[in-house]
Amino acid sequence: MNQRLIAAGITAATAAGLGIAVAAPAGAAPAADSSGTAMVSVFHGVPGLIVDVYANGKELIPDFKPGTLTSPMPLPAGSYDITIFKAGSSPKGTPAIEKKVDVPAGANATLAAHLTADGKPALDAFVNDVSKVPAGKARLTVRHVAAAPAVDVRAGGTPVFKDLENPKQASAVVDAGTVNADVVLAGTDKVAIGPASLKLAEGSNTVVYAWGSAADKNLALKVQTLTGMDSAPGGVNAGQAGLVDSGGQPVWLYAVGGVAAAGALLAGRRLAAGRR
Amino acid sequence: MRDRRRRLHLAVLAVCLAVVAAVAAVIALDRPGAPADFGPAPAAAGRPAPPQRTAPASPAAPAAPAGRFPVRVSEAPPPAADPPRPLVLAIPRLGVRAPVEAVGVGRDGQVAVPGNAEHVGWYRFGAAPGAAAGSAVVVGHVDSRTQGLGVLAALGSVREGDRVTVALADRRTLAYRVVSRRSYDKAAVPLARLFRRDGPPVLTLITCTAPFDPARGGYLRNLVVTAVRTGV
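Residues numbered from 1 in each chain as written. Chains lettered and ligands numbered in written order. Predicted model: local features only at pLDDT ≥ 70, side-chain atom pairs only at ≥ 80, totals over all residues. Heavy atoms only, no water.

### Observations regarding the overall build of chain B
In terms of regular secondary structure, chain B is built from two helices and 10 strands. Moving toward the C terminus, one meets the helices and strands of chain B in the order α-β-β-β-β-β-β-β-β-α-β-β. (Helix = DSSP H or I, 4+ residues; strand = E, 2+ residues; numbered from the N terminus.)

### Quick word on the overall build of chain A
Summing up its helical and strand segments, chain A has one helix and 18 strands in all. Per-residue burial over chain A gives 50% buried out of 276 residues. Counting only carbon and sulfur atoms, one obtains 57% of the accessible surface of chain A, whose full area is about 11500 Å². (Buried < 20%, exposed > 50% of the residue type's maximum accessible area, 1.4 Å probe, protein only. Areas by Shrake-Rupley, 256 points an atom, 1.4 Å probe, with all protein chains shown as cover.)

### Here we look at the sheet that holds strand β4 (residues 135-140) of chain B
Residues and elements named next belong to chain B. Spatially, β1-β2-β3-β4-β9-β10-β8-β7 is the arrangement adopted by the eight strands of the closed barrel, whose pairing is mixed. Along the sheet, successive strands turn relative to each other by an average axial angle of 35°, direction set aside. As paired strands, strand β1 (residues 86-91) and strand β2 (residues 96-103) are joined by four bridges and run antiparallel to one another. Counted as the bridge partner of Ile91 is Val96 from β2. (Pairing = 2+ DSSP bridges. Axes fitted to C-alpha atoms, helices over the stretch in contact; angles between N-to-C directions.)

### Focus on the sheet that holds strand β12 (residues 151-155) of chain A
Residues and elements named next belong to chain A. Strand order in the open sheet made by the four strands is β13-β12-β15-β16, with antiparallel pairing throughout. Among the strands making up the open sheet, the edge pair consists of β13 (158-164) and β16 (191-200). Across the sheet, the mean angle from the axis of one strand to that of its neighbour is 20°, orientation sign disregarded. Pairing analysis gives five bridges linking β12 to strand β15 (residues 177-185), with the strands arranged antiparallel. Its bridge partner lying in β15, Asp152 is registered against Val184.

### Some points on the nonpolar core
Among the nonpolar cores identified, the biggest contains 27 residues, and B:Leu89, B:Val120, B:Leu203 and B:Leu205 are the most heavily contacted of them. Only β1, β2, β3 (120-123), β4, β7 (163-168), β8 (173-185), β9 (202-213) and β10 (218-229) of chain B provide two or more residues apiece to this core. When near neighbours in sequence (up to four residues on either side) are disregarded, B:Leu89 contacts B:Val96, B:Arg97, B:Ala98, B:Val100, B:Val120, B:Val138, B:Leu152, B:Val164, B:Thr165, B:Val166, B:Leu203 and B:Leu205. Listed in part, the 25 residues of the second largest apolar core include A:Val46, A:Leu60, A:Ala107 and A:Ala113. (Core = buried A, V, L, I, M, F, W, Y, C linked by side-chain atoms within 4.5 Å. Contact = heavy atoms within 4.5 Å.)

### Remarks on the confidence of the model for chain A
Residues and elements named next belong to chain A. Confidence in the prediction of chain A, expressed as mean pLDDT, is 84, and 84% of residues score 70 or more. The element-level mean pLDDT for chain A is lowest in strand β1 (residues 3-7), coming to 31, with strand β11 (residues 137-147) highest at 97. Here residues 1-33 is a poorly scored stretch, pLDDT under 50, and it has 78 contacts once near neighbours within four places are set aside; other chains count. (pLDDT = per-residue confidence, 0-100.)

### Re the pattern of salt bridges
Residue and element names in this part refer to chain A. Taken as a whole and judged by the stated rule, the model has 13 salt bridges over all chains. Across the salt bridge formed by Lys99 and Asp124, the nearest N and O atoms sit 3.5 Å from each other. You can see Lys99 sitting in strand β8 (residues 97-103) and its partner Asp124 sitting in strand β10 (residues 121-127), a full 25 residues away along the chain. Given a relative accessible area of 6%, Asp124 falls into the buried group. Across the pair Arg154 and Asp189 runs a salt bridge whose closest N-O atoms are separated by 3.1 Å. Placement of the pair is Arg154 in strand β12 and Asp189 in the loop between β15 and β16, with a sequence separation of 35 residues. Its relative accessible area of 13% is what places Arg154 among the buried residues. Sharing partners across several salt bridges, the network here consists of Arg154, Asp182 and Asp189. (Salt bridge = Lys/Arg side-chain N within 4 Å of Asp/Glu carboxyl O.)

### Focus: the packing of aromatic side chains
Enumeration over the complete set of coordinates arrives at six aromatic pairs over all chains. Pairing B:Phe212 with B:Tyr219 gives two aromatic rings, centres 4.8 Å apart and planes at 65°, and the pair type is edge-to-face. Relative accessible area serves as the criterion here: at 26%, B:Phe212 is assigned to the partly exposed category. Cluster of aromatic residues (ring-pair linked, three or more members): A:Phe43, A:Tyr209 and A:Trp211. (Phe/Tyr/Trp six-rings, centres within 6.5 Å; stacked < 30°, edge-to-face > 60°.)

Below, the structure written as structure tokens:
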């Protein structure tokens with residue numbers, strides 16, 4: 001079951017145990033909810049195994065290589081029996097990984113084939129948070145799908161997410177920009193992956209997968225970028241002094257008019273006085 | 001002697017009255033409020049629907065969709081490279097020529113307008129001038145307490161058809177033509193439209209405009225000028 005805990009802009013989410021059970025966040029998926037589709041990406045994070053991916057017995061992705069992430073594809077909403085076989089082997093046999101996944105209409109999700117903490121192949125579905133972020137901000141999500149113990153994720157040397165375990169994810173809304181990130185064993189300074197330069201584009205969700213196997217020394221990062229979560233800024237304050245009057249004319253125009261009026265008055269009075 | 005003085009007073013009177021009349025005419029012609037609107041309101045552009053692969057003919061059976069699946073192993077594309085950034089904005093007829101800074105948002109969530117009133121700011125999170133889609137937004141001060149009138153005070157005098165150019169870092173210069181000017185109460189600025197990232201490409205210039213009320217935070221309206229590409 002998915003759980004999403006939102007506290008002060010930080011979301012800690014648990015990967016699905018039985019599939020995607022949470023509807024996409026409100027206003028999320030650009031995919032038409034009405035047409036009953038979901039946007040689904042697939043990530044292959046099991047090192048050393050080229051596979052064919054089947055959904056309900058039909059081949060979905062042939063020759064899927066480790067470290068590959070597909071573009072989001074629209075899938076009809078529904079329940080899928082996902083089976084993954086070693087590439088080229090008969091789909092009649094015993095799959096390397098098998099899992100039933102519910103894909104609700106309007107959801108945006110990533111299926112991740114990966115290793116469990118103790119190194120066994122598994123499949124998990126992660127809901128991608130594609131809700132809006134404020135102007136100037138970006139969402140950063142980290143998913144632990146590696147055969148490794150709990151980790152801390154640091155940006156610029158400071159822990160951003162602590163004690164993240166396989167197969168969980170953590171997410172936060174941060175300033176857009178480039179951060180230098182690394183992954184350390186939880187509570188230590190022992191770097192497991194990285195450092196890597198991550199470009200957190202404004203209005204996007206940068207999803208980082210920590211994948212591979214600590215024992216096989218092939219831990220790595222894979223980055224997925226989901227866009228379209230941008231918001232307009234709050235406004236434009238581009239003036240201070242009131243030098244432009246209500247007619248869109250500068251104040252000096254009024255000054256000139258005033259001086260001229262005073263001059264006219266003075267000249268008029270002199271003229272009148274001269275007549276006497 | 002007396003006649004000469006009389007003639008002098010008459011002349012002064014005439015000049016002063018003429019100036020008063022001219023000022024009054026300029027002010028009267030510009031009423032009411034902010035500079036007059038012209039041209040169409042900035043267009044909304046909803047996000048284009050993502051490419052949809054049509055589901056099999058039978059829309060029913062949501063529990064177990066059968067039939068073809070969109071088989072696609074396309075690796076997600078890497079993010080696009082940054083576009084060339086704008087360097088100089090010019091409106092030749094009005095004598096405007098302003099260096100362009102790349103700006104983001106301040107702590108208050110508003111666009112961070114350049115502190116130098118002679119500079120303008122390109123909203124770097126939105127579309128860039130020259131991008132295939134979206135509104136490239138350039139902001140600038142109408143005035144500043146310490147620097148007097150700002151460079152975009154000239155927008156009050158802009159006319160339909162005025163040429164606007166943007167010089168880019170890749171040495172290209174883009175030419176635009178002014179199509180509209182609108183003023184909005186700050187509480188009612190269509191920000192989502194002005195800062196849209198898709199839809200037809202436009203250049204959107206934003207500054208502040210009258211009325212000015214220090215008790216209510218200064219200028220109460222935004223002036224928005226929209227321009228479209230005319231080729232290079």
